[in-house]
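Spelled out, the chains give:
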Amino acid sequence: MFGSLRLAKISSAGLRFRKCCRKSSSVAELHSRKLVEVSGPQSGKLLQGLFTNDINSLSGTHTALYTHLLNVRGRIMFDNIVYRVNDDEYLIEVDNSLVSKFLKFVSMYNIRSKAKIAVRDEPVYASFIPQSSLLDGGYVDPRLPLLGCRHIGTPPDRATTVSASEYDRHRVALGVSEGARDISSGKDFPFEHNLDFLNGVSFSKGCYIGQELTARTHHVGETRKRVVPVKLSEQVEDGQISLPARVSLGSRAAGKLLSTYGDIGLAVLRFPYLEQELSIKDSHVKLVGSKPAWWPEDIR
């Protein structure tokens with residue numbers, strides 16, 4: 001069997017703005033991410049009724065929030081990071097290829113709130129230290145501190161500039177999905193993408209789109225398959241495998257491969273098939289999925 005991913009354990013940390021960035025950090029401009037501004041006296045109310053997480057929890061020391069926007073069937077439409085500028089202004093990070101779809105979706109619910117929605121030009125950067133602990137600088141990533149920090153507009157001046165693909169490999173090695181490359185809009189379920197493990201949902205806030213199925217799954221259901229990092233038996237070029245691809249052990253379905261990044265990737269796998277060599281439909285490439293070290297210990 002080929003090698004497996006080595007993932008470091010991390011601990012939770014407060015989500016607050018930090019002013020420094022270590023010299024050993026790397027920074028990448030995330031061309032796949034775009035900012036949308038939602039502003040006006042009723043902007044917070046509008047977002048609170050849309051997103052899975054509690055927008056009202058954002059404050060002066062808690063300025064970034066991970067969340068999903070679901071459809072009425074409880075499927076993921078968009079994965080987002082929300083940044084609070086002030087009580088009447090929020091910046092929402094959206095996958096660049098889904099911006100038009102996002103604007104149309106939110107506008108359908110903006111009839112009464114009359115919030116202003118506009119696309120911003122500032123780039124989004126991610127700073128990180130591969131295989132290290134919490135990085136100072138920017139907005140600590142609200143999903144996992146080990147992912148590093150987000151920076152809006154300008155990158156930290158003491159970091160080494162790297163390509164976005166290096167950040168993607170850092171993120172994928174941790175088993176964190178992001179954007180349209182990893183998440184099928186309108187098809188995937190939030191808990192399969194570890195929304196509950198990534199601080200992305202509030203079970204105490206009021207109603208939001210798709211809440212019924214999400215709450216039912218949390219309270220009475222059980223998620224038997226989740227996104228995990230996988231190690232591929234060889235380098236895979238973009239387009240080499242038709243994705244998403246069925247993954248199996250012999251004749252038994254184990255899950256599906258969502259995305260590839262060279263010799264690693266992300267897959268939704270059933271728990272009994274972790275740490276086993278699996279086959280990919282219509283491909284000679286094999287994969288092995290691993291449980292991320294940051295998952296709760298009682299998940300098997």
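Anything mentioned here points back to the structure above.
Residues numbered from 1 in each chain as written. Predicted model: local features only at pLDDT ≥ 70, side-chain atom pairs only at ≥ 80, totals over all residues. Heavy atoms only, no water.

Help me get a handle on the packing of aromatic side chains, residues and values and all.
With the rule as written, the count across this model stands at 8 aromatic pairs. Pairing Phe-191 with Phe-203 gives two aromatic rings, centres 6.3 Å apart and planes at 65°, and the pair type is edge-to-face. With a gap of 12 residues between them, Phe-191 in the loop between α3 (164-173) and α4 (211-219) and Phe-203 in the loop between α3 and α4 connect regions that are remote in the sequence. Given a relative accessible area of 35%, Phe-203 falls into the partly exposed group. Of the aromatic side chains, those joined through ring pairs into one cluster are Phe-78, Phe-102, Phe-105 and Tyr-109. Sitting over the ring of Tyr-66, Arg-143 keeps its end group 5.6 Å from the ring centre. Seen from the ring of Phe-197, Arg-226 lies directly overhead, with NZ or CZ sitting 3.9 Å from the centre. (Phe/Tyr/Trp six-rings, centres within 6.5 Å; stacked < 30°, edge-to-face > 60°. Helix = DSSP H or I, 4+ residues; strand = E, 2+ residues; numbered from the N terminus. Buried < 20%, exposed > 50% of the residue type's maximum accessible area, 1.4 Å probe, protein only. Lys NZ or Arg CZ within 6 Å of the ring centre and 35° of its normal.)

Break down the pattern of salt bridges for me, with residues and values.
Inspection of the entire model under this criterion finds 20 salt bridges. Of the charged contacts in the structure, one is a salt bridge between Glu-93 and Arg-150, with a shortest N-O distance of 2.7 Å. A residue pair is termed long-range when its members are at least 10 positions apart, and Glu-93 in strand β6 (residues 89-95) and Arg-150 in strand β10 (residues 149-152) qualify at 57 residues. Here Glu-93 falls in the buried class, since its relative accessible area comes to 0%. According to the relative accessible area criterion, Arg-150 is buried, its value standing at 1%. Of the charged contacts, one joins Asp-238 and Arg-181 as a salt bridge, the two residues approaching to 3.4 Å between their closest N and O atoms. Of the two residues, Asp-238 is situated in the loop between β12 (225-236) and β13 (245-249) and Arg-181 in the loop between α3 and α4; the sequence distance between them amounts to 57 residues. Residue Asp-238 is classed as exposed on the basis of its relative accessible area of 63%. Classification of Arg-181 by relative accessible area gives partly exposed; the value is 40%. Linked by salt bridges that have partners in common, Arg-33, Asp-79, Glu-93, Asp-141, Arg-143, Arg-150, Asp-168, Arg-171, Glu-178 and Asp-182 make up one network. (Salt bridge = Lys/Arg side-chain N within 4 Å of Asp/Glu carboxyl O.)

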